[in-house]
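A closer look at the structure
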Amino acid sequence: MSEQRRTEGTPTRRRGTALENALTDAAWEVLVEQGYHGFTYEAVAARAGTSKPVLYRRWSRREDLLVATLARHWRPLDLPDTGSLRRDALVLLRKVNTERARMVVLLHIQLADYFRETGTSFSDLRDRLRIADQQSPFAALVDRAVKRGELTETPRPERVVNLPFDLMRHDMLMAMGAVPDSAIVEIVDKVWLPLLGLHHHSTQEDL
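Summary of the structure given here. (Residues numbered from 1 in each chain as written. Predicted model: local features only at pLDDT ≥ 70, side-chain atom pairs only at ≥ 80, totals over all residues. Heavy atoms only, no water.)

1. Observations regarding the packing of aromatic side chains
To be explicit about the condition: Geometry of aromatic contacts follows a simple scheme: Phe, Tyr and Trp rings, the Trp one being its six-membered ring, pair when their centres are within 6.5 Å, and the pair is stacked under 30 degrees between planes, edge-to-face over 60, tilted otherwise. Burial classification: accessible surface area is computed with a 1.4 Å probe over protein chains only, and a residue below 20% of its type maximum counts as buried, one above 50% as exposed, and the rest as partly exposed. Numbering of helices and strands runs from the N terminus, with a helix taken as a DSSP run of H or I at least four residues long and a strand as a DSSP run of E at least two residues long.
A full pass over the atoms with the stated rule returns five aromatic pairs. Ring centres 6.3 Å apart and planes at 20° place the aromatic pair Tyr36 and Phe39 in the stacked group. Considered together, Tyr36 and Phe39 belong to a single accessibility category, that of buried residues. An angle of 25° between the planes, with centres 4.0 Å apart, marks the rings of Tyr41 and Tyr56 as stacked. Here Tyr56 lies in helix H3 (residues 52-58) and Tyr41 lies in helix H2 (residues 41-48), a separation of 15 residues in the sequence. Residue Tyr41 is classed as buried on the basis of its relative accessible area of 7%. Aromatic ring contacts, followed pair by pair, group Tyr36, Phe39, Tyr114 and Phe115 into a single cluster.

Okay, here's the thing in structure tokens:
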């Protein structure tokens, strides 16, 4: 039997993708307002105007419902392709700063109970949300740079490749929001590029 709810007194039926989107939208609202502690089947079902069995049929574990909810609301950013590793990194970090700062801080706070309960971290969760076999954004940028001849083709630790986002996230959490653009430039020019074997003396014109 298809799931039903009433809107202004009129029954409406939701099926397939429309139903799952409505459920994960309701789940997102509960997560934002109540955190993982309040992220229960009862709360999500009440917010969606449905019953717990409707949720259980799709996600038998609360963790599965959480991942589905985050996957719907944590969409990957488009990768820039400016022809320069430095410019690509700056553009990508600036997108993260303007489009993701609030969500990064929110997830760290609202998912604290989840991380404690599962013994996992934000990085582990990010890996789960990434499409199978999909590179991390900065790994893709580095590979492009190698193909362009900007970087030599040599093994690089994953920690080094992904360092810009990790430092950016740290600064966001310390600031509880977006960070100054000067911090982004410093992460790229003073930390990341030198670790990759590149050095850039930035000028006002190329910021």
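There is more to say, and it comes next.
2. Some points on the pattern of salt bridges
What counts here: Salt bridges are identified by distance alone: a Lys or Arg side-chain nitrogen within 4 Å of an Asp or Glu carboxyl oxygen.
In total, this model carries 16 salt bridges according to the counting rule given. Between Arg72 and Asp25 there is a salt bridge, with the nearest N and O atoms lying 2.9 Å from each other. Of the two residues, Arg72 sits in helix H4 (residues 62-73) while Asp25 sits in helix H1 (residues 16-34), which places them 47 residues apart along the sequence. Look at Arg72 and you get partly exposed, because its relative accessible area is 22%.

3. Focus on the nonpolar core
This is how it is decided: Among buried residues, the Ala, Val, Leu, Ile, Met, Phe, Trp, Tyr and Cys ones that are joined through side-chain atoms within 4.5 Å form a nonpolar core. We call two residues contacting when some pair of their heavy atoms lies within 4.5 Å.
Membership of the largest hydrophobic core comes to 61 residues, with the highest contact counts inside it found for Phe39, Leu70, Leu111, Phe138 and Trp192. For this core, the element with the most residues is helix H12 (residues 181-196), which contributes eight residues. Excluding residues within four positions of it along the chain, Phe39 makes contact with Ala27, Val30, Leu31, Val44, Arg62, Leu65, Leu66 and Thr69.

4. As for unusual backbone geometry
For Met176, which is not glycine, the phi dihedral falls at a positive 55°. Tracing the chain through its elements places Met176 in the loop between helix H11 (163-175) and H12.

5. Points about empty space enclosed by the protein
Let me state the cut-off plainly: Note on definitions: the grid is 1 Å and covers protein atoms alone; a cavity is a set of points where a 1.4 Å probe fits but cannot get out; a pocket is an open set with protein on both sides within 12 Å along at least five of seven lines; lining residues have an atom within 4 Å of a point. Grid points are joined across faces, edges and corners, and a volume is the space filled by probe spheres set on the points. Here the term charged refers only to Asp, Glu, Lys and Arg, the term nonpolar to Ala, Val, Leu, Ile, Met, Phe, Trp, Tyr, Cys and Pro, and the term polar to all other amino acids, Gly among them.
Enumeration over the complete set of coordinates arrives at one cavity of 30 Å³ or more. Here the largest cavity is characterised by a volume of approximately 30 Å³. Contributing to the lining of the largest cavity are Trp74, Leu107, Phe122, Leu125, Arg126 and Leu129. Considering every element that reaches the lining of the largest cavity, the biggest residue donor is helix H8 (residues 122-129), with four residues. Looking at the lining of the largest cavity residue by residue, the classes come out as five nonpolar, no polar and one charged.

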